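Below are the chains, spelled out letter by letter.
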Amino acid sequence: MNDATELSSAALAEQEAAFDPAPPLTLKARLKRLALVVAAAVAPSRTADVLAKRYLSSTHGFIDELSAKGRHRFEILPIDDDMAIMRHSHRPGARRVLVVPGHDGHYRQFTRLLRALDQAGLSVDVTVLPGHMYHAQTVCSMRDITEAIHRSCAAHGPYDGIVGHCVSSNAALFALDGGLRCDRVVLVSTPLDLVQLVRNGGEQYGLSGRCLDLFVDRVSELGAPFHLSLPWHPIAAERTERLLAVHAQDDWAAPVSDVEKLRNLSPNTEVAVFPHGGHNSILSVKAAVNRIADFLKS
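What counts and what doesn't
- Residues numbered from 1 in each chain as written.
- Predicted model: local features only at pLDDT ≥ 70, side-chain atom pairs only at ≥ 80, totals over all residues.
- Heavy atoms only, no water.
- Helix = DSSP H or I, 4+ residues; strand = E, 2+ residues; numbered from the N terminus.
- Rg over C-alpha atoms; globule rule 2.2 N^0.38 Å.
- Buried < 20%, exposed > 50% of the residue type's maximum accessible area, 1.4 Å probe, protein only.
- Contact = heavy atoms within 4.5 Å.
- Areas by Shrake-Rupley, 256 points an atom, 1.4 Å probe, with all protein chains shown as cover.
- Phe/Tyr/Trp six-rings, centres within 6.5 Å; stacked < 30°, edge-to-face > 60°.
- Lys NZ or Arg CZ within 6 Å of the ring centre and 35° of its normal.
- Core = buried A, V, L, I, M, F, W, Y, C linked by side-chain atoms within 4.5 Å.
- Pairing = 2+ DSSP bridges.
- Right-handed = clockwise from strand over helix to strand, strands pointing away.
- Patch = residues over 30% accessible without salt bridge, like charges linked within 9 Å, V, L, I, M, F, W, Y side chains within 5 Å.
- Salt bridge = Lys/Arg side-chain N within 4 Å of Asp/Glu carboxyl O.

1. Focus on the overall build of the chain
Per the secondary structure count, the chain includes 12 helices and 8 strands. In summary, the chain has a C-alpha radius of gyration of 19 Å against a globular reference of 19 Å for 298 residues, a match within 12%. Counting every position in the chain, which comprises 298 residues, the buried fraction comes to 52%. Counted over contacts in the chain with a minimum sequence separation of 6, partners at least 24 positions apart contribute 77%. A total accessible area of about 13,300 Å² is found for the chain, and carbon and sulfur atoms account for 54% of it.

2. With respect to the packing of aromatic side chains
The full count for this structure, using the stated rule, is 5 aromatic pairs. Ring geometry for Y55 against F215: centres 5.5 Å apart, planes inclined by 80°, an arrangement best described as edge-to-face. Here Y55, found in helix 3 (residues 44-55), pairs with F215, found in helix 9 (residues 209-222); they are 160 residues apart in sequence, far enough to count as distant. Here the aromatic rings of F174 and F226 are separated by 5.1 Å at their centres, their planes lie at 20°, and the arrangement is stacked. Taken together, the positions of F174 in helix 7 (residues 167-177) and F226 in the loop between helix 9 and helix 10 (233-237) put the pair 52 residues apart, joining distant regions of the chain. You can call F174 buried: its relative accessible area is 6%. One aromatic cluster is present, formed by Y55, Y205 and F215 through successive ring pairs. Over the aromatic face of F295 sits the side chain of R184, whose NZ or CZ is 5.3 Å from the ring centroid.

3. Quick word on the environment of A43
With respect to the helices and strands, the residue A43 is situated in the loop between helix 2 (27-42) and helix 3. Residues A43 and N268, 225 residues apart in the sequence, show an inter-C-alpha distance of 48 Å.

4. Focus on the nonpolar core
Counting residues in hydrophobic clusters, the biggest one holds 48 residues, and the most contacted among them are I149, I162, L207 and F215. Looking at which element gives the most residues to this core, the answer is helix 7, with 7 residues. If we skip the residues at most four places from it in the chain, L207 touches L36, A40, T47, L51, G202, L212 and F215. In this structure, F62, M86, L117 and V285 belong to the second largest nonpolar core, which totals 36 residues.

5. A short note on unusual backbone geometry
Leaving glycine aside, a negative phi is the common case for residues, and trans is the common case for peptide bonds. The omega torsion across G157 and P158 is 5°, close enough to zero to call that bond cis. Looking at the element boundaries, P158 is found in the loop between helix 6 (142-156) and strand 5 (161-165). Put simply, A224 and P225 share a cis peptide bond, and its omega is 10°. Along the polypeptide, P225 turns up in the loop between helix 9 and helix 10. Phi is positive for C166, which is not a glycine, with a value near 55°. Along the chain, C166 falls in the loop between strand 5 and helix 7. Unusually for a residue other than glycine, S189 sits at a positive phi of about 55°. With respect to the helices, strands and loops of the structure, S189 is situated in the loop between strand 6 (184-188) and helix 8 (194-205).

6. Structural notes on the pairing of strand 3 (residues 96-100)
Across the 5 residues of strand 3, 5 count as buried, placing the element largely inside the fold. Residue alternation in strand 3 divides its side chains into two sets, R96, L98 and V100 and V97 and V99, and both sets are buried. The pairing of strand 3 with strand 4 (residues 123-128) spans 4 bridges and is parallel. The partner of V99 across the bridge, within strand 4, is V126. For the crossover from strand 3 across helix 5 (residues 111-119) to strand 4, the handedness is right-handed. In the sheet, strand 3 pairs with strand 5 via 4 bridges, with the strands oriented parallel. Residue V100 lies in a different strand from strand 5, and its bridge partner there is G164.

7. A look at a nonpolar patch on the surface
Together, L27, L31, L34, V38 and V42 make up a nonpolar patch on the protein surface, roughly 530 Å² of accessible area in all. Looking at the element boundaries, L27 is found in helix 2. On the basis of relative accessible area, L27 is assigned to the exposed category, the value being 62%.

8. Some words on the environment of H233
Mapped onto the fold, H233 is located in helix 10. Counting along the chain gives 41 residues from H233 to L192, while the straight-line C-alpha distance between them is 9.3 Å.

9. Some remarks on the pairing of strand 1 (residues 75-79)
The side chains of a regular strand alternate, residue by residue, between the two faces of the sheet. Bridging between strand 1 and strand 2 (residues 83-89) involves 5 bridges; their strand directions are antiparallel. What sits directly across from E75, in strand 2, is R87. Between strand 1 and strand 2, which pair antiparallel and follow one another directly, the connecting turn spans 3 residues, one of which, D80, has a positive phi of 60°.

Following this line, the structure appears as C-alpha coordinates:
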(Lines give C-alpha, C1' and ligand atoms only; values in the text may rest on other atoms or scores of the structure.)
Protein backbone atom coordinates (compact mmCIF):
# COMPACT_ATOMS: atom_id res chain seq x y z
CA MET A 1 0.00 0.00 0.00
CA ASN A 2 1.11 3.57 -0.58
CA ASP A 3 -0.27 6.92 0.56
CA ALA A 4 1.21 9.37 -1.91
CA THR A 5 2.88 9.75 -5.25
CA GLU A 6 6.54 10.67 -5.67
CA LEU A 7 7.53 13.98 -4.15
CA SER A 8 7.74 16.76 -6.71
CA SER A 9 10.96 18.65 -7.23
CA ALA A 10 9.28 21.66 -5.61
CA ALA A 11 8.39 19.66 -2.52
CA LEU A 12 11.92 18.32 -2.25
CA ALA A 13 13.29 21.83 -2.59
CA GLU A 14 11.00 22.97 0.21
CA GLN A 15 12.22 20.15 2.45
CA GLU A 16 15.86 20.94 1.78
CA ALA A 17 15.30 24.65 2.43
CA ALA A 18 15.14 24.03 6.15
CA PHE A 19 18.77 22.91 6.03
CA ASP A 20 20.18 25.38 3.54
CA PRO A 21 21.69 28.77 4.32
CA ALA A 22 18.94 31.39 4.63
CA PRO A 23 18.03 33.48 1.55
CA PRO A 24 18.33 37.29 1.64
CA LEU A 25 15.92 38.82 4.16
CA THR A 26 12.91 40.94 3.16
CA LEU A 27 12.29 44.28 4.88
CA LYS A 28 9.66 42.69 7.13
CA ALA A 29 12.04 39.89 8.04
CA ARG A 30 14.79 42.42 8.77
CA LEU A 31 12.52 44.28 11.16
CA LYS A 32 11.65 41.03 12.93
CA ARG A 33 15.34 40.18 13.10
CA LEU A 34 16.06 43.61 14.61
CA ALA A 35 13.34 43.08 17.22
CA LEU A 36 14.88 39.72 18.05
CA VAL A 37 18.35 41.24 18.43
CA VAL A 38 16.94 43.81 20.85
CA ALA A 39 15.06 41.14 22.81
CA ALA A 40 18.16 38.95 22.97
CA ALA A 41 20.18 41.87 24.34
CA VAL A 42 17.57 43.01 26.88
CA ALA A 43 16.26 39.61 28.00
CA PRO A 44 18.60 36.88 26.70
CA SER A 45 17.37 34.15 29.04
CA ARG A 46 13.70 34.71 28.26
CA THR A 47 14.36 35.00 24.52
CA ALA A 48 16.40 31.79 24.52
CA ASP A 49 13.65 29.95 26.40
CA VAL A 50 10.90 31.04 24.00
CA LEU A 51 12.93 30.21 20.89
CA ALA A 52 14.10 26.84 22.26
CA LYS A 53 10.48 25.78 22.71
CA ARG A 54 9.62 27.08 19.26
CA TYR A 55 12.59 25.20 17.78
CA LEU A 56 11.34 21.95 19.33
CA SER A 57 7.71 22.43 18.24
CA SER A 58 6.48 20.89 15.00
CA THR A 59 4.68 22.83 12.30
CA HIS A 60 2.84 19.67 11.16
CA GLY A 61 -0.28 17.94 12.37
CA PHE A 62 -0.32 14.52 10.74
CA ILE A 63 -3.68 13.30 12.03
CA ASP A 64 -5.30 16.67 11.30
CA GLU A 65 -3.89 16.50 7.78
CA LEU A 66 -5.03 12.93 7.13
CA SER A 67 -8.49 13.72 8.50
CA ALA A 68 -8.75 16.71 6.20
CA LYS A 69 -8.00 14.48 3.21
CA GLY A 70 -11.01 12.31 3.98
CA ARG A 71 -9.33 9.26 2.45
CA HIS A 72 -5.93 7.79 3.16
CA ARG A 73 -4.35 4.36 3.18
CA PHE A 74 -2.80 4.51 6.62
CA GLU A 75 -4.44 2.72 9.51
CA ILE A 76 -4.18 5.01 12.54
CA LEU A 77 -3.32 3.21 15.79
CA PRO A 78 -3.31 5.71 18.70
CA ILE A 79 -0.84 5.37 21.56
CA ASP A 80 -2.39 7.36 24.40
CA ASP A 81 -3.37 10.93 23.50
CA ASP A 82 -0.09 12.36 22.27
CA MET A 83 1.25 9.93 19.66
CA ALA A 84 0.23 7.19 17.24
CA ILE A 85 1.32 4.61 14.72
CA MET A 86 0.41 5.04 11.06
CA ARG A 87 0.31 1.49 9.71
CA HIS A 88 1.41 1.55 6.10
CA SER A 89 1.38 -2.16 5.34
CA HIS A 90 0.83 -5.35 7.31
CA ARG A 91 1.68 -8.91 6.28
CA PRO A 92 1.23 -11.66 8.86
CA GLY A 93 4.53 -13.44 9.43
CA ALA A 94 6.61 -10.85 7.54
CA ARG A 95 9.55 -8.98 9.03
CA ARG A 96 8.33 -5.80 10.70
CA VAL A 97 9.88 -2.35 10.34
CA LEU A 98 9.26 0.84 12.31
CA VAL A 99 10.01 4.14 10.54
CA VAL A 100 10.63 7.15 12.80
CA PRO A 101 10.65 10.56 11.04
CA GLY A 102 12.93 13.26 12.38
CA HIS A 103 11.58 16.15 14.38
CA ASP A 104 9.15 18.13 12.21
CA GLY A 105 9.74 15.57 9.46
CA HIS A 106 6.81 14.73 7.23
CA TYR A 107 5.66 11.24 6.30
CA ARG A 108 5.55 12.27 2.64
CA GLN A 109 9.35 12.42 2.74
CA PHE A 110 9.26 8.63 3.05
CA THR A 111 7.07 7.90 0.02
CA ARG A 112 9.76 6.14 -2.02
CA LEU A 113 11.22 4.36 1.02
CA LEU A 114 7.81 3.08 2.13
CA ARG A 115 7.18 1.78 -1.36
CA ALA A 116 10.55 0.02 -1.44
CA LEU A 117 9.96 -1.58 1.96
CA ASP A 118 6.50 -2.69 0.86
CA GLN A 119 7.86 -4.17 -2.38
CA ALA A 120 10.46 -6.02 -0.31
CA GLY A 121 7.62 -7.84 1.45
CA LEU A 122 7.99 -6.10 4.81
CA SER A 123 5.30 -4.94 7.23
CA VAL A 124 5.78 -1.22 7.87
CA ASP A 125 4.64 1.16 10.62
CA VAL A 126 5.40 4.89 10.88
CA THR A 127 5.61 6.63 14.26
CA VAL A 128 3.76 9.90 14.76
CA LEU A 129 5.86 11.64 17.39
CA PRO A 130 4.48 13.59 20.36
CA GLY A 131 3.66 17.13 19.25
CA HIS A 132 3.18 15.98 15.65
CA MET A 133 -0.34 14.52 15.76
CA TYR A 134 -2.28 17.78 15.75
CA HIS A 135 -1.49 21.44 15.09
CA ALA A 136 -0.91 21.96 18.80
CA GLN A 137 2.65 23.33 18.65
CA THR A 138 3.82 21.31 21.65
CA VAL A 139 7.46 20.58 22.42
CA CYS A 140 9.05 17.36 21.13
CA SER A 141 12.55 17.01 22.59
CA MET A 142 15.18 14.30 22.30
CA ARG A 143 13.70 12.72 25.42
CA ASP A 144 10.24 12.69 23.83
CA ILE A 145 11.54 11.06 20.64
CA THR A 146 13.53 8.42 22.51
CA GLU A 147 10.56 7.60 24.71
CA ALA A 148 8.30 7.52 21.64
CA ILE A 149 10.46 4.78 20.11
CA HIS A 150 10.18 2.73 23.31
CA ARG A 151 6.43 3.35 23.47
CA SER A 152 5.90 2.41 19.82
CA CYS A 153 7.71 -0.88 20.33
CA ALA A 154 5.89 -1.64 23.59
CA ALA A 155 2.46 -0.92 22.08
CA HIS A 156 2.81 -2.41 18.59
CA GLY A 157 6.14 -4.24 18.47
CA PRO A 158 8.34 -6.10 18.54
CA TYR A 159 10.02 -4.86 15.36
CA ASP A 160 12.76 -6.57 13.40
CA GLY A 161 14.09 -3.28 12.05
CA ILE A 162 13.97 0.45 12.78
CA VAL A 163 14.66 3.34 10.40
CA GLY A 164 15.38 6.67 12.07
CA HIS A 165 15.86 9.94 10.18
CA CYS A 166 17.84 12.96 11.39
CA VAL A 167 17.63 13.39 15.20
CA SER A 168 15.46 10.27 15.44
CA SER A 169 18.59 8.34 14.43
CA ASN A 170 20.28 9.70 17.55
CA ALA A 171 17.19 8.81 19.56
CA ALA A 172 17.30 5.27 18.16
CA LEU A 173 20.83 4.88 19.52
CA PHE A 174 19.69 6.16 22.91
CA ALA A 175 16.73 3.75 22.84
CA LEU A 176 19.04 0.82 22.07
CA ASP A 177 21.27 1.89 24.94
CA GLY A 178 18.16 1.95 27.13
CA GLY A 179 17.37 -1.70 26.49
CA LEU A 180 15.42 -1.69 23.23
CA ARG A 181 15.81 -4.93 21.30
CA CYS A 182 15.89 -4.83 17.51
CA ASP A 183 17.98 -6.87 15.06
CA ARG A 184 18.71 -4.12 12.53
CA VAL A 185 18.72 -0.35 12.72
CA VAL A 186 19.13 2.16 9.89
CA LEU A 187 20.40 5.64 10.73
CA VAL A 188 19.59 8.13 7.95
CA SER A 189 21.18 11.60 7.83
CA THR A 190 22.37 11.30 11.41
CA PRO A 191 23.59 14.59 12.96
CA LEU A 192 26.12 13.16 15.39
CA ASP A 193 27.23 16.65 16.49
CA LEU A 194 23.93 17.73 18.00
CA VAL A 195 25.39 20.80 19.67
CA GLN A 196 26.49 22.20 16.31
CA LEU A 197 23.16 21.29 14.71
CA VAL A 198 21.24 23.26 17.35
CA ARG A 199 23.69 26.16 17.20
CA ASN A 200 23.04 26.34 13.46
CA GLY A 201 19.33 26.49 14.21
CA GLY A 202 19.84 29.31 16.69
CA GLU A 203 21.99 31.23 14.24
CA GLN A 204 19.23 30.95 11.64
CA TYR A 205 16.94 32.68 14.14
CA GLY A 206 19.57 35.42 14.29
CA LEU A 207 20.97 34.60 17.73
CA SER A 208 24.56 35.11 18.73
CA GLY A 209 26.74 35.48 21.80
CA ARG A 210 25.27 34.74 25.23
CA CYS A 211 21.70 34.36 23.97
CA LEU A 212 22.82 31.71 21.46
CA ASP A 213 24.66 29.82 24.20
CA LEU A 214 21.57 29.98 26.41
CA PHE A 215 19.41 28.77 23.51
CA VAL A 216 21.61 25.69 23.00
CA ASP A 217 21.63 25.00 26.76
CA ARG A 218 17.84 25.30 26.94
CA VAL A 219 17.26 22.93 24.03
CA SER A 220 19.63 20.49 25.72
CA GLU A 221 17.83 20.79 29.07
CA LEU A 222 14.45 20.17 27.49
CA GLY A 223 15.78 16.84 26.18
CA ALA A 224 17.33 15.69 29.49
CA PRO A 225 18.66 13.14 30.30
CA PHE A 226 19.63 12.94 26.62
CA HIS A 227 21.66 16.13 26.58
CA LEU A 228 23.08 17.39 23.30
CA SER A 229 26.64 16.69 24.42
CA LEU A 230 25.94 13.12 25.58
CA PRO A 231 28.72 11.00 24.02
CA TRP A 232 27.47 8.74 21.24
CA HIS A 233 30.78 6.93 20.57
CA PRO A 234 30.48 4.46 23.50
CA ILE A 235 26.86 3.70 22.63
CA ALA A 236 27.64 2.95 18.97
CA ALA A 237 30.78 0.97 19.83
CA GLU A 238 28.90 -1.36 22.17
CA ARG A 239 26.11 -2.23 19.76
CA THR A 240 25.59 -5.89 18.92
CA GLU A 241 22.72 -5.09 16.55
CA ARG A 242 23.55 -4.56 12.89
CA LEU A 243 23.60 -0.86 12.07
CA LEU A 244 23.50 0.80 8.66
CA ALA A 245 24.23 4.54 8.39
CA VAL A 246 22.91 6.05 5.15
CA HIS A 247 24.11 9.55 4.32
CA ALA A 248 24.34 12.05 1.48
CA GLN A 249 27.81 13.30 0.60
CA ASP A 250 26.58 16.90 0.62
CA ASP A 251 24.51 17.02 3.80
CA TRP A 252 24.67 20.58 5.09
CA ALA A 253 22.91 19.79 8.38
CA ALA A 254 24.92 16.68 9.26
CA PRO A 255 28.49 16.62 7.88
CA VAL A 256 29.43 13.28 6.37
CA SER A 257 32.83 13.46 8.09
CA ASP A 258 31.09 12.83 11.43
CA VAL A 259 29.25 9.79 10.12
CA GLU A 260 32.43 8.32 8.62
CA LYS A 261 33.68 7.88 12.20
CA LEU A 262 31.11 5.12 12.65
CA ARG A 263 33.02 2.83 10.29
CA ASN A 264 35.72 2.01 12.80
CA LEU A 265 33.62 1.82 15.96
CA SER A 266 31.97 -1.56 15.53
CA PRO A 267 32.23 -4.51 13.13
CA ASN A 268 28.42 -4.55 13.12
CA THR A 269 28.19 -1.09 11.54
CA GLU A 270 28.04 -0.29 7.82
CA VAL A 271 28.25 3.21 6.35
CA ALA A 272 26.77 3.94 2.91
CA VAL A 273 27.47 7.42 1.50
CA PHE A 274 25.69 8.52 -1.68
CA PRO A 275 26.79 11.30 -4.05
CA HIS A 276 23.22 12.44 -4.71
CA GLY A 277 20.53 13.88 -2.47
CA GLY A 278 20.66 15.99 0.65
CA HIS A 279 19.63 15.80 4.29
CA ASN A 280 15.99 15.05 3.44
CA SER A 281 16.02 14.18 -0.24
CA ILE A 282 18.37 11.22 0.37
CA LEU A 283 15.08 9.48 1.22
CA SER A 284 14.07 9.76 -2.43
CA VAL A 285 17.37 8.57 -3.90
CA LYS A 286 16.62 5.19 -5.47
CA ALA A 287 20.00 3.63 -4.68
CA ALA A 288 19.75 4.71 -1.04
CA VAL A 289 16.23 3.41 -0.41
CA ASN A 290 17.03 0.13 -2.16
CA ARG A 291 20.09 -0.28 0.06
CA ILE A 292 17.90 0.25 3.14
CA ALA A 293 15.26 -2.22 1.93
CA ASP A 294 17.87 -4.88 1.11
CA PHE A 295 19.47 -4.43 4.52
CA LEU A 296 16.19 -4.82 6.37
CA LYS A 297 14.72 -7.74 4.43
CA SER A 298 17.73 -10.07 4.61
